[in-house]
Amino acid sequence: MAEYKLAVTTGSMKYAGTMDHIYATLIGTEGQSERTELDKIGFDFLTDSTRTYTIKPKSSLGNLLLLQLEKDPFLFLPENQWFCSKIVVTAPEGELLFPCYRWISRGELVELRGGKAKKSFEDVHPMLIKHREKDIMMRKNLYKWEITDEKIPHHLHYKHVSELPAEVQFSMTREDEIEYTKKMAGIELKFKGMVGSTEQWEKIEDMNDIFCFQKTTISEYVAEHWKDDDFFGYQFLNGTNPTVIKKCSKLPSNFPVTDEMVEPFLAAGCSLKKEIKKGNIFICDNKIMDKIPTRMYGEEPLQMPASMCLFYLNPENKLMPIAIQLNQQPSEQNPIFLPSDSEPDWLLAKIFVRSAHALEFESVDHLLGTHFMAEIFTVAALRNFHPVHPLYKLLIPHFEYTLHINTLSRIILFGPEGILNTSTLGYEGTKELVRRGFAQITYSSLCLPDNIAARGLESIPNYYYRDDGLKLWNIINSYVKKMMEHFYPSDADVSKDAELQGWIQEVFTHGFLGNKHSGIPSDFTNVKDLVKFLTMVIFTVTAQHAALNNGQFDYLAWVLNGALLLRKPPPTTKGQSSLETILETAPNIGETVKFATLILILSEKYSDMVLLGAYPDERFDGPEPKQIIQEFQAELSCLSEAIQTRNAELEIPYTYLNPTQIENSITI
């Protein structure tokens, strides 16, 4: 009689264990075992535990192909799902890992494959081929594309997080902690009488009182320095959205800045033309906002100017704003504001620039550029890759919780009743902004080295987002290259991988709407192109999201540093603004705390966070992939040390691309 020992590991997350009966069946090339209950004295499947069970078929099963799991009720207890992490089977032929890493419900028949990564054309046994085809068909029924707007990417069809399959939902720990953060923020704000208040702020300093216990070193720095021109410029390089500023090689014809206007703000003996030629002039052009729909506020529509801001890199290597025009078409009612204008005029102009910048950041660069992109890659992967495919094993840790947070975002953030509906743009304006942003996305814009080069920012000093980001890109690229060269020894292996080709075809068709001009590939024919694309995917859902998301509370908790709502129209003449004008323009108290609570939740760190390069789920079986992962982790650790050393010398540390601050997937 043959003997098979099963070491069964239950997950460590909250409520992972179960009291239910668990049954296992082993299927091999020479037969299958009886359906056997996994039962020993005491509690069997406790959270974060491993217990070993024995199955004794009458004869050897040959090479193991599948392991079936089933869960039946224990007495009359209600359903409690079980999270099975993995099962290691010790057979006469040797040890075999069966990764699971999913929730199992009563009545399900879960079939697991051994941990060795295999592409579809490498399966030769008829049972494995049939199992693979059946599994992918099931996944395509479970995860479907939905079209809600012809001009933005398609998304997952589920309307509410409660409908999502358990394997892509938040852990109970994550849900509890988010709810706790919301509750504690609400209690503090209600105690202060701020929630729902329609009162106008009496003094700018009062905005400091929103959160007494949530402040960070950076948020306090912002509250103190938000008026400073050098800090205003710094944020376009290292703040919440460091991806829009460009080198100015020629002034736009609709931005008639003259030498006489800006000469006082340039170094002695310099002219605008000379500084442009030297590469010291930069521009942020929010033309994406031009004539965009806005919402009604009372009986009047709000206004969202499509501002232009010119910057000068001075001899002290500080990026200074030197001219602002708040609308695209120059006119007497659209003056160019200068640092020499009255303090309220110049400050109000900067407030409108920062507001446009913040709205574009939240809707286009953050929501569309990371969250929506991640959903494209995730849904296509779940529909096309079998769990034993090497790319499923490589990518799935980087997609954890993404579908849950995106489904939630479509309700509480981007939906008709979402928080962005209370911004200057409202629901329809935000949708239009996303449409315009999507029309501009290209493959090159998603690849950091190409993006930096296209914006002419290869050499501007103190651009820590670029410095850290490019190092991370190269580390991720090296990791992916080693993995792909291991699993795809030749370009022919790439071309004949049907699951891979199905994935990229769906990314191209459903994600980028079949737009060839985007530069997104619709197929892969060689390892080199595959490596670059996978580098972009992993970078986008880890480093890029961290760079855009993690600093939101730091930089936007002070509402005038990036207001999502401005209640008054932009100034059309100089000399008419005052401190009172700024207070009338800012969101009222209730609106301010609503936005502040949102960014607090989005910036919070949660206890089940998994860092970039940490792979707690053992999906790869074999020494080579495990060695590659260890090398990846070592490179990330070295980068982290280098960033910490540099930051110790900086007045404002740039921490968002330190690997110790980057999540392995988009989870919030």
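What counts, and at which threshold
Just so you know, the residues in each chain are numbered from 1, in the order the chain's sequence is written. Given that the model is predicted, a residue must reach a pLDDT of at least 70 before its local features are reported, and side-chain atom pairs must reach 80 or more before they are shown or counted; all residues, however, enter totals for whole chains, interfaces and linings. Based on all heavy atoms of the structure, the side-chain values leave hydrogens and waters out of the count. Put simply, DSSP marks the helices as runs of H or I at least four residues long and the strands as runs of E at least two long, and each gets a number from the N terminus on. In this setup the radius of gyration rests on C-alpha atoms only. A globule is expected at 2.2 Å times the number of residues raised to 0.38. Whether two residues touch is decided by their heavy atoms; if any such pair falls within 4.5 Å, the residues are in contact. The accessible surface values rely on the Shrake-Rupley method and a 1.4 Å probe; as for residues, cover is taken only from the protein chains in view. We treat Lys and Arg as the positive residues and Asp and Glu as the negative residues; His and chain ends play no part in the count. For the purpose of locating charges, the reference atoms are NZ of Lys, CZ of Arg, CG of Asp and CD of Glu. Multiplying 1.5 Å by the helix residue count minus one yields the expected span of that helix. Each residue is assigned a bend, namely the angle between axes fitted to the seven residues that terminate at it and the seven residues that start at it. Paired rings are identified among Phe, Tyr and Trp, the last through its six-membered ring, by centres lying within 6.5 Å, and are further divided according to the angle between planes into stacked (under 30 degrees), edge-to-face (over 60) and tilted (the rest). Three labels apply to residues, based on accessible area from a 1.4 Å probe with only protein chains included: buried if under 20% of the type maximum, exposed if over 50%, partly exposed otherwise in between. Each patch is built from salt-bridge-free residues with over 30% relative accessible area, joining like charges within 9 Å and nonpolar side chains (Val, Leu, Ile, Met, Phe, Trp, Tyr) within 5 Å. Any Lys or Arg side-chain nitrogen located within 4 Å of an Asp or Glu carboxyl oxygen qualifies as a salt bridge. UniProt positions are given in the numbering used here, feature names are shortened, and annotations may be inferred rather than shown by experiment. By the convention used here, strands pair only if DSSP detects at least 2 bridges between them. Angles here are taken between N-to-C directions and fall from 0 to 180 degrees, while the axes themselves are lines fitted to C-alpha atoms, restricted in helices to the stretch in contact. Grouping buried Ala, Val, Leu, Ile, Met, Phe, Trp, Tyr and Cys residues that are joined through side-chain atoms within 4.5 Å yields what is termed a nonpolar core.

**Student:** Any chance you could explain the overall build of the protein chain here in plain terms?
**Tutor:** Secondary structure assignment for the protein chain yields 20 helices and 18 strands. Relative to a compact globule of 668 residues, whose C-alpha radius of gyration would be 26 Å, the protein chain shows 28 Å and is just as compact. By principal-axis analysis of the C-alpha atoms, the protein chain measures approximately 95 × 55 × 50 Å. Across the protein chain, the fraction of contacts at a sequence separation of at least 24, relative to all contacts at a separation of at least 6, is 74%. For the protein chain, the accessible area works out to roughly 27800 Å², and carbon and sulfur atoms hold 52% of it. Taking the average place of the 67 positive charges on the side chains of the protein chain and the average place of its 88 negative ones, the gap between the two points comes to 4 Å.

**Student:** What is the right way to look at helix H7 (residues 343–384) in this model?
**Tutor:** Because an α-helix completes one turn every 3.6 residues, residues spaced three or four positions apart along the sequence face the same direction. Here H7 spans 58 Å end to end across 42 residues, near enough to the 62 Å set by a 1.5 Å rise per residue. Largest kink in H7: about 45 degrees, centred on Leu-367.

**Student:** What should I look at first to understand the packing of aromatic side chains in this one?
**Tutor:** Evaluated as defined, the whole model comprises 25 aromatic pairs. Centroid distance Phe-385 to Trp-503: 5.6 Å. Interplanar angle 40 degrees. Geometry classified as tilted. Of the two residues, Phe-385 sits in the loop between H7 and helix H8 (390–395) while Trp-503 sits in helix H15 (residues 498–511), which places them 118 residues apart along the sequence. Residue Trp-503 is classed as buried on the basis of its relative accessible area of 0%. A ring pair is formed by Tyr-463 and Tyr-465, whose centres lie 5.9 Å apart and whose planes are at 45 degrees; its orientation type is tilted. Exposure remark for Tyr-463: the relative accessible area of 0% places this residue in the buried category. When its relative accessible area of 1% is taken as the criterion, Tyr-465 is described as buried.

**Student:** Help me understand a nonpolar patch on the surface, please; the structure alone is not making it clear to me.
**Tutor:** Together, Met-19, Phe-43, Leu-46 and Leu-77 line one region of the surface with nonpolar side chains, adding up to about 380 Å² of accessible area. Its relative accessible area of 45% is what places Leu-46 among the partly exposed residues.

**Student:** Sorry if this is basic, but what is going on with the UniProt feature "site: Essential for stabilizing binding to COTL1" (unreviewed entry) in the protein chain here?
**Tutor:** Within the UniProt annotation, "site: Essential for stabilizing binding to COTL1" (unreviewed entry) is assigned to Trp-103. Its place among the elements puts Trp-103 in strand E8 (residues 94–104).

**Student:** Can you walk me through the sheet that holds strand E18 (residues 336–337) in this structure?
**Tutor:** The strands making up a sheet associate through backbone hydrogen bonding, with each pair oriented either parallel or antiparallel. Ordered in space as E12-E13-E16-E17-E18, the five strands form an open sheet in which the pairing is antiparallel. The outermost strands of the open sheet, each flanked by one partner alone, are strand E12 (246–247) and E18. Note: strand E17 (residues 319–325) against E18, two bridges, orientation antiparallel. Pairing of Ile-324 across the sheet is with Phe-337, part of E18. Sheet contacts for helix H4 (residues 229–238): strand E13 (281–285), strand E16 (308–313) and E17; angle to E17, the most-contacted strand, approximately 95 degrees.

**Student:** Whenever I open this one, the pairing of E13 confuses me. Can you help?
**Tutor:** Side-chain positions along a regular strand alternate between the two faces of the sheet. Of all five residues in E13, four are buried; the element is thus mostly enclosed. Relative to E13, E12 runs antiparallel, the two sharing two bridges. Pairing of Lys-247 across the sheet is with Phe-282, part of E13. Pairing analysis gives five bridges linking E13 to E16, with the strands arranged antiparallel. Bridge pairing links Ile-281 to Tyr-312 in E16.

**Student:** How should I be thinking about the sheet that holds strand E5 (residues 50–55) in this particular structure?
**Tutor:** Spatially, the four strands line up as an open sheet ordered E5-E1-E7-E8, and their pairing is antiparallel. Since the sheet does not close on itself, it has two edges, and those belong to E5 and E8, each with one partner. When the angles between neighbouring strand axes are averaged without regard to direction, this sheet yields 20 degrees. As paired strands, strand E1 (residues 4–10) and E5 are joined by six bridges and run antiparallel to one another.

**Student:** Before we go on, may I ask you to explain the pattern of salt bridges in this structure?
**Tutor:** Two side chains with opposite charge may pair up if their charged atoms get near one another. Taken as a whole and assessed by the stated rule, the structure comprises 37 salt bridges. A salt bridge links Glu-428 to Lys-431, with the nearest nitrogen and oxygen atoms 3.9 Å apart. You can see Glu-428 and its partner Lys-431 sitting in helix H10 (residues 426–440), three residues apart, about one turn around the helix. Here Lys-431 falls in the buried class, since its relative accessible area comes to 19%. Across the salt bridge formed by Glu-631 and Lys-482, the nearest N and O atoms sit 2.8 Å from each other. Pair noted here: Glu-631 is in helix H20 (residues 623–647) and Lys-482 is in helix H13 (residues 464–487), with a separation of 149 residues, a long-range link. Residue Lys-482 is classed as partly exposed on the basis of its relative accessible area, which comes to 31%.

**Student:** Help me understand the environment of Gly-114, please; the structure alone is not making it clear to me.
**Tutor:** The topology assignment puts Gly-114 in the loop between strand E9 (109–113) and helix H1 (126–142). For Gly-114, a relative accessible area of 14% translates into the label buried. The sequence separation of Gly-114 and Leu-66 amounts to 48 residues, and the corresponding C-alpha distance is 7.0 Å. Beyond its immediate sequence surroundings of up to four residues, Gly-114 is in contact with Leu-65, Leu-96, Leu-97, Phe-98, Pro-99 and Val-388.

**Student:** How should I be thinking about the nonpolar core in this particular structure?
**Tutor:** Most often, soluble globular proteins have nonpolar side chains that are buried together. Core analysis: the biggest nonpolar cluster contains 168 residues, and Phe-377, Met-484, Trp-503, Val-507, Phe-533 and Leu-560 have the highest contact counts within it. The biggest single contributor to this core is H7, with 23 residues. Here Phe-377 is in contact with Phe-399, Trp-503, Val-507, Phe-533, Met-536 and Val-537, once residues within four sequence places are set aside. Counting 25 residues, the second-largest nonpolar core is a separate cluster that includes Tyr-4, Ala-24, Trp-82 and Ile-87.

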